[in-house]
Structure formats: structure tokens, C-alpha cells
Amino acid sequence: MAGGITDIKKLEYDIYKYSSYSSSYLPENIREDNPTNQTSRWSSNTNSPPQFLVLKLERPAIVTKIKFGKYEKTHVCNLRKFKILGGLEEERMVLLFEGGLKNDSVPETFPLKHRTNSGELLPIKFIQIVPLLSWGPSFNFCIWYVELLGIEDSIFILSNLRKYNMLREVEIVRLFMKHCRQQGYVKAFSALQEETGVKLEDDKMTELHEILVNGGDFKRTEQILVDFIDNGLMDDYLSRQEYKPQWSLQLTPEQEPRPGRRGGHQLIIDPLTSTIYLYGGWDGSEDLSDLWSYDVQANRWTLIHEKSELLDGPTPRACHKMVYDTKNSQIFMIGRYLDGASRTEENINSDFYLYNTVSKTWFLICPDTAQVGGPQLVYDHQMCIDVDKQTIYVFGGRILEPKNEEETTGDYKYSGLFSYHISTNTWNHILVDCGHQSAASPHVQSIKSRVTHSMLFHHKHRKLYIFGGQRGKDYMTDFLIYDVDGAELTSLIPENVGTDAAKNVPQSGFTQRATIDCDKDEIYVLTSLSKEKERRDLNINSFWLFSLAKREWCCVYKSDHSIGENCYLKNQNACPEPCPRYAHQIVYDAARQVHFLFGGNPGMNSHFRLDDFWMLRLEKPTRDNILRYCKYLLRKQEYEEVARADPLAAIRYLQTKLYDIIDHNDPAQLKEFHKLASLLFKSNTSTADGESEPTSLLTCSLSGGGQKHPNEHDPNGDNAKMMRVESPKAADDADASSISSLSSECSQTARAIPSTSAATSPSSTCSSASSSRKANDQLFELKIRRCLLYNKLVDLLPEGLCQPKKNISDFVLL
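A quick note: this is a predicted structure, and the numbers were derived from the prediction, not measured. (Residues numbered from 1 in each chain as written. Predicted model: local features only at pLDDT ≥ 70, side-chain atom pairs only at ≥ 80, totals over all residues. Heavy atoms only, no water.)

A.B. asks: Before we go on, may I ask you to explain the confidence of the model for the chain in this structure?
C.D. replies: Detailed reading of the predicted model is not advised wherever pLDDT is low. Taken as a whole, the chain shows an average pLDDT of 85; of its residues, 84% reach a score of 70 or greater. Note that pLDDT drops below 50 for residues 683–760; the model gives that stretch 131 contacts with residues more than four away or on any other chain. (pLDDT = per-residue confidence, 0-100. Contact = heavy atoms within 4.5 Å.)

A.B. asks: Sorry if this is basic, but what is going on with the sheet that holds strand 14 (residues 287–295) here?
C.D. replies: Sheet strands associate in pairs through backbone hydrogen bonding, adopting either a parallel or an antiparallel arrangement. One open sheet holds the 4 strands; their spatial order is 12-13-14-15, and the pairing between them is antiparallel. Strand pairing shows two members of the sheet lacking a second neighbour, strand 12 (266–270) and strand 15 (300–305), which therefore form its edges. Each strand of the sheet is rotated relative to its neighbour by a mean of 25°, with strand direction disregarded. Two elements, strand 12 and strand 13 (residues 275–282), share 5 bridges in a ladder whose sense is antiparallel. By the bridge assignment for strand 13, glutamine 266 is matched with tyrosine 279. (Pairing = 2+ DSSP bridges. Helix = DSSP H or I, 4+ residues; strand = E, 2+ residues; numbered from the N terminus. Axes fitted to C-alpha atoms, helices over the stretch in contact; angles between N-to-C directions.)

A.B. asks: Honestly, helix 9 (residues 667–678) in this entry has me stumped. Any pointers?
C.D. replies: Given 3.6 residues to a turn, an α-helix orients residues that are three or four positions apart in the same direction. In a regular helix each residue adds 1.5 Å, so 12 residues correspond to 16 Å; helix 9 covers 17 Å between its end C-alpha atoms and thus fits that length. Looking at where helix 9 begins, the residue whose side-chain oxygen comes 3.0 Å from the main-chain nitrogen of alanine 668 is aspartate 666. (Expected span 1.5 Å × (residues − 1). Polar contact = N/O pair within 3.5 Å; in protein donor to acceptor, adjacent residues only side chain to side chain.)

A.B. asks: Even after reading the chapter, I still don't get the pairing of strand 14, so can you show me in this structure?
C.D. replies: Moving residue by residue along a regular strand, the side chains alternate between the two faces of the sheet. Most of strand 14 is tucked away, with 7 of its 9 residues classed as buried. Pairing of strand 13 with strand 14, which is carried by 7 bridges, proceeds in the antiparallel orientation. From the neighbouring strand, glycine 281 faces strand 14, where its bridge partner is leucine 288. Once strand 13 ends, the chain turns through 4 residues before running back antiparallel as strand 14, passing glycine 284 with a positive phi of about 105°. (Buried < 20%, exposed > 50% of the residue type's maximum accessible area, 1.4 Å probe, protein only.)

A.B. asks: Would you mind going over the sheet that holds strand 24 (residues 417–421) with me for this structure?
C.D. replies: Strand order in the open sheet formed by 5 strands is 21-22-24-25-26, with mixed pairing between adjacent strands. In this open sheet, the two strands that pair with only one neighbour each are strand 21 (382–386) and strand 26 (446–447). Relative to strand 26, strand 25 (residues 426–433) runs parallel, the two being bridged by 2 bridges. Within strand 26, the position partnered with aspartate 433 by the bridge is isoleucine 447.

A.B. asks: Would you mind going over empty space enclosed by the protein with me for this structure?
C.D. replies: A probe matching the size of a water molecule, rolled over the atoms, marks out where space remains unfilled. Taken as a whole, this structure holds 9 cavities of 30 Å³ or more when the rule is applied. In this structure, the second largest cavity spans a volume of roughly 60 Å³. Every residue along the wall of the second largest cavity is listed here: Tyr243, Lys520, Tyr524, Tyr588, Gln593, Val594, His595, Leu616, Arg617 and Leu618. Listed by contribution, the elements that provide at least two residues to the lining of the second largest cavity are strand 38 (594–600) and strand 39 (610–619). With 3 residues, strand 39 is the largest single contributor of residues to the lining of the second largest cavity. Its residues placed into classes, the lining of the second largest cavity shows 6 nonpolar, 2 polar and 2 charged. (1 Å grid on protein atoms, 1.4 Å probe; cavity = no way out; pocket = protein on both sides within 12 Å on 5 of 7 lines; lining within 4 Å. Points joined across faces, edges and corners; volume = space filled by probe spheres on them. Nonpolar A, V, L, I, M, F, W, Y, C, P; charged D, E, K, R; others polar.)

A.B. asks: Looking at this structure, how should I read the environment of leucine 529?
C.D. replies: Structurally, the position occupied by leucine 529 is in the loop between strand 34 (522–527) and strand 35 (540–547). You can call leucine 529 buried: its relative accessible area is 0%. For the pair leucine 529 and asparagine 541, spaced 12 residues apart in sequence, the C-alpha separation works out to 7.4 Å.

A.B. asks: Honestly, the nonpolar core in this entry has me stumped. Any pointers?
C.D. replies: In summary, soluble globular proteins display a tendency toward joint burial of nonpolar side chains. If you look at the biggest cluster of nonpolar residues, it comprises 29 residues, and the most contacted ones within it are Phe68, Ile127, Val146 and Leu148. When residues of this core are traced back to their parent elements, those giving at least two are strand 2 (13–18), strand 4 (53–69), strand 5 (79–89), strand 6 (92–99), strand 8 (124–134) and strand 10 (145–151). Top contributing element to this core by residue count: strand 4, with 7 residues. Counting 27 residues, the second largest nonpolar core, distinct from the first, contains Val213, Val226, Leu627 and Cys630. (Core = buried A, V, L, I, M, F, W, Y, C linked by side-chain atoms within 4.5 Å.)

A.B. asks: Help me out: how do you make sense of the packing of aromatic side chains in this one?
C.D. replies: Centre distance and the angle of the planes are the two values used to describe a pair of aromatic rings. What the rule picks out here adds up to 36 aromatic pairs. Geometrically, the ring pair formed by tyrosine 294 and phenylalanine 613 is edge-to-face, given 4.8 Å between the ring centres and 80° between the ring planes. Of this pair, tyrosine 294 sits in strand 14 while phenylalanine 613 sits in strand 39; the two residues are 319 residues apart in sequence, bridging distant segments of the chain. No difference in accessibility class separates tyrosine 294 from phenylalanine 613, as the two residues are buried. Consider the rings of tyrosine 353 and tryptophan 362, whose centres lie 6.2 Å apart with planes at 90°: the pair is edge-to-face. Pair check on accessibility: tyrosine 353 and tryptophan 362 agree, each one buried. An aromatic cluster is built from Trp292, Tyr294, Trp301, Phe596, Phe598 and Phe613, whose rings are joined through pairwise contacts. Cation over ring: arginine 31 sits above tyrosine 13, and NZ or CZ is 5.9 Å from the ring centre. Sitting over the face of the ring of tyrosine 25, arginine 41 holds its NZ or CZ atom 4.1 Å from the ring centroid. (Phe/Tyr/Trp six-rings, centres within 6.5 Å; stacked < 30°, edge-to-face > 60°. Lys NZ or Arg CZ within 6 Å of the ring centre and 35° of its normal.)

A.B. asks: Looking at this structure, I do not really get unusual backbone geometry. What am I missing?
C.D. replies: Phi is mostly negative for residues that are not glycine, and the peptide bonds are mostly trans. At the junction of proline 49 and proline 50, the peptide bond is cis and its omega measures out at -5° in the coordinates. Here proline 50 shows up in the loop between strand 3 (42–43) and strand 4. Of note in the backbone geometry, asparagine 299 takes a positive phi value of approximately 55° without being a glycine. Relative to the assigned elements, asparagine 299 resides in the loop between strand 14 and strand 15.

A.B. asks: Just to check I follow, could you spell out the side chain of serine 20 for this structure?
C.D. replies: Structurally, serine 20 is set in the loop between strand 2 and strand 3. Taking relative accessible area as the criterion, serine 20 reaches 9% and is therefore assigned buried. In this structure the side chain of serine 20 is engaged in a polar contact, spanning 2.6 Å, whose partner is the side chain of glutamine 51. Ignoring any residue separated from it by four or fewer positions in sequence, one finds serine 20 in contact with Trp42, Ser43, Ser44, Asn45 and Gln51.

Printed below as a string of C-alpha cells:
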């Protein structure tokens, strides 16, 4: 076949439509790449949404990439965030890309989505660029140059257009089939399926629908769902659920030793043995040099030694950093804080230590790393280890010098990014701080260094993730990525950061403690109290998660401690979580998927430090939880049906089948259970105001239960053939928009009512017809509720197995 996915070329386009433009900054300017001309750009005349450019290709094409050119200098109007949509028709476009540009002069090229969800190539003719945020938040949007890359070979595109249209046709047929089944058009459904050969859903789902909705066999439905869950069909749904945090205070027997109060200490964990090591810190009066280990499984602390300096180890210190080498069972330590009086020539040395956890011995690797190409003495830095390549990375931190001039001038010096190769005992200065004297050289890579930041290493991605921190009075929210193999520094803009970024990312200026789960591609960040006294009024704990797969932040929880008695003054057993603090430490046990937090400074007393030890477990619903939930939905529906027909049998069902799956320690579930019990005391008889009581736990009955059928008020009987429409959301909170009208069964039933005969009295005929209509109304209401239940179950299962999420009614506007 002519053409191919590798035959990429520049595609010609016209400016089809635009939202606005400012002065002479016309949309046409983006077709010319002229980085030295400041006027060669499109600029909107406002930053109020929606602003956009619509580009029209000469003919349909597979657009694989988009390139943005830039001005020769940074510019506040550059797009910090934008999205791109595309489609064959202007009115029907899908999202192709969402991201942002760096605020520099280097052109950037981004891949565009060019395949459907089923993997077929996606031809498009229109491209819409939608600016969302500029680097200067109050400035208009600018685009300097746009180039589209892709395939436009006519034969190749024609072939893919046919495939694409076939996919669309299949989805249209599936929508019709879904509509027919929901509305009870059985013959139409069968004919459509037979003629087209299209399946509405997987056979397993068709069986589930038949057994539940049409058959009402709840026992078999329950067994099918058990099989679904056991086979992992609901695991994807479970993975998308939010975490629920569970803090617990780790108490040890009073007679056993445990570390005392401190802040500025270090915690690290040996993930292979689940052993935590703690070293040093400041207890409010002096620096410490004790080394402890904690056995997670046994819940026991052990004092390895009280004074390391007596065993050739490091001197007492705080604000140091440590990493654990699982390959050789060794701890590496560097950095510390010294007050002004201690910063003498002989003390300002960056000593570098190693502790062997097997032989329990210390070793001084180097008395001063600054003399061998490593960092100067720093504190509030970060340290990571690449065990596979036996390389340690040290980034950031304030540099301590003998002279104390920076303390009065505020002209602090910051350390860049260094690497240390363990086997060769060599240091490498990878990135200098942007304030370093060599940073201006075009041959030197630099980075904006900081303190109180986070840095984590992902051993599978082979990347360092750096975010947050403080530089002077500048609180930083950037997210940097350093590829250790490619030696490339890039900036990441989270997908869900909009104009109000403060609500979507961990708040800057507050102490961050971060961990990473490389298997889940998740970063966890605990933000707590600020070191700055003027920000102490914001006394809030918050826990954040960053998904590396989705490139999104989400807040797991926030807890405001600003009002009331401070937590650290209370009995720890009475407090459900750690009080806000700084100078604490947190580690993550990936094997057990739990965090451990120890000590810190609550910020209320210059000499008071904490010694509380907490465990944080992030919990998601399990297979057992979702099975219990499915059983509850099924049994609640079955109970309601039994209650209508046989209240005594319903009582027995409530006391056994439903009682067994309720968590009676959960107030919400218990309340729901009591509501179900109250159903037994309601009847179909009319109330004082003439309205019948609903006989279901659901908000209201679709057909009214004991209400008269509309046909009884129609002397001509014409309304018997009309389909009555009821909002499904009135019946349930579930997404039941798929059931927008009653089935043709109603009209078919009405037409099936026997006509009067000479042998039948008018009154008996009327009574019989009314009774028949009422019975069929109730039968249809039953199916409506089962169908609502079926749709709830569909939401728990993979989309590829199920009927379409959308409905024909979504596309019909009157």
C-alpha cells in the first residue's frame, strides 16, 4: 500500500477560525517561523476563555506531531498550558494532546493522539489549539509558529477513512441495539444484530443482563459477579478509587528502649528486611549522634550505639542526609547544620561517612568532599541512591561558609547536583547552581537550586524527580525531571494544574516529606507546618499523591489544626493523626505499602521536640469490599421485590441475607439498613393528600405503584399508545440516563387488553383492564429498577466488555 506511518511530512494548513487577535498579531503569523521578529506571532486580545485557533488541512490526514516555534528570548505570553483537539468535522473533535511549553527559546515538538481507542489510525481535517494558561498568568496568549507533521498520502488516507467510518458505523449500531434492548424492542434488537453481525457487548454481559433484568435470578447473578471479581474484571475499577488514609500510633512496651525527642534527624529503610534506621538530630538542647534500628515486623526499637563518634563514626549532627545501599547493606551519610559560632575553618568540612549494617562499623570515606570534586558542607539538601549503578545523587541545600556575611545580607549560596560513584570513589558535578560563577558559560549546565525540597529516584524510569522547595524568600512549585542516563533536565507541568494552581498542587513554603512507589508509579508528599514563623497560623496537615502515569496531583486528605488545643499537648492516644510539624522524617515500606513518621518540631516552643512514631496506611477498596458492595446492591433489590409481594418473607430476608453483609460498625451502612427495615411499614394505600406512599427505598416510584394509569383518565384511550418519559435520576442516584423512557411493552400491553363483548359487563371489563394495566405497570417498574442496577454493575467492569456508555438520547435534542 502507498504511504505508511513512517512517511511523515510537513502538512499544509489554512487558518480556518479564531477567537480573537490583538493589534497586528494576526493568526496568519503562526505559519511563518521567524524567531527574531517579535511581531511574528498570533496574540489573543484577552486571556478570558475560550481563546482558540482552528487550523484546516487541505485534505484529511493522519497528524502525528505538532511543532511550536518560539521567540528568541523567554516571553511572558508563551503558553504554559494548552490543549489540542482534532477531527474530521469542526463540530466533532476529540482531545489529541494536553501539555505546555517551556518558557525558553527552544522549539518543542509534541506527539498527538493519532489512533482510536481500538488502535486504528485516526484521520482528521481540523486542528483546534486552545490556550489555557500563559507563563504570565495575567497576560494574553501568544503562539509564534505552528507546524503540523503527518501523513496525507491519498490512497493510504482513503483506506484508513474506510476503516474509521466502519468503526463509527459499528458504534452507531451498538447505540441502536442498546436503545432497542432498553426500550423492549425485542424483534428490532434481534433483527439488527442478525443483519449487521454486530455484538452489543461481551457474551458474559449479555448473560448477566438476561439473568438479572429479564429473569430476576439474583442468586445466579451473585455467582456470576463472584466469578467476575475472582477473574480480576473489577481490578481496574478498584485501582481508580481514591485512597483512604489510616494513621496509627506505633506504641512499644514502656520497659523497652526507644529514641527520645528530636528534630532534624534522619530515617532510612532497608526495604529487603523492613528495618528502619534512625540517626542523630537535635533534641532541643544539643545535637545527637545515636544510631537506632526499628524492626517493622516485630515492632521493636534497638539502640545500636549511643555515641557514634566513639566508634570512629560521625560527630553529633542534625539536618544531615542518609541513603541505604541494599546491594552492600551500607548506609551513606553527608551534610549537617552548624550555627554561626561553630562555623570555623576547621569545622567547615563536608565529611562523608559509611556504616556497614552487617559488621556494625563506621568508616570515614572522605574528611571533606569539597576537596575531591564533591559538594561543600550543606544542610537541607536531598540525597538519593541508584543501587543498580551504585551511584549516589546529592542535590541542593544551603552551603555553609566560615564567614557569616550571608546571614545578614541574605546572599545565600546553594549547592548544585552532584553524583558519587561508589565503586570508584569519585564525585562528578553534574549541574551547577544557577548562581554559580560558571553558570553563565554556554558549555555548563545549570539548575535553580533550593532547600526544603523533595528529590526521589525512580529506578525503573531511571529518573530523578525534584519538586518544591525554597530559595531565599521564593517559594517554588516547579517539578523537574533529570534523566540520569541521558543527562537531560526537563520540566514537568501537571495535567490538572490550571489558573488556580495552589489548589491542585502541594502548597509551597511548607515542610515537605516525599516518598515514591516505583511499582505503582506514584509519588507521595506529606506537607505540614512551615518553618517560617509568619506562616505558622496555617496549621494544616495534607497528604498528596502524584500519579506519574496520569501526570496529575490529587489531595488524599487535608486536616486543619489551626483551631483548638495543639495536638502535641494532648494525650497521643487521643489524637487520630500526627500534629503539624517540621524537621520530622518519613520513610516508605514498599513491601507492606505503609509509611512511618518519627519526631519533629511542632513549632510552638524553641526547645520542645517530639518523639511520637506513626504508621500511615493508604487503603483502597479490595475485591472483598467490592463483592460485598455488589451483594448489597443485589440483595437490596431482591428484598424490595419480596417486600412488595410477601412482607413476612421480606422480614426473614432482611434478618438473614441483608443483615449478613452490612457492616454494623459503619454508621452510614447501619442507617441504610434501618431505611430498608422501614420499607416494611409502608403500603401502597393512598395517604391523606391523595398521593400513594413510595414502596421502595429508592427516592420515588417511576410509575407510581398505587397511582392510576393515565389511560384511565382518557376516554378515547389514545394515551395508551404514548410512551411516558420519566427522569431516571428521580429514581436513583446512579447514572441511569440510559433509561429515559418507558418500554413499548406499555403500549403493547394496552393494545393487548381484551375488547368488551356482549357477554361481559362494562364494569367488569373496566376493572379487568385497570387491573391488567396496573400489573404491567408494576412489571415494567420492576425491570426499570433492575436495569438501573445492571447499569451500576456495568460501571464496575472494563469498558471493552460492556455496552456503550452513551445513549441515543444523548444526541437527540428537541
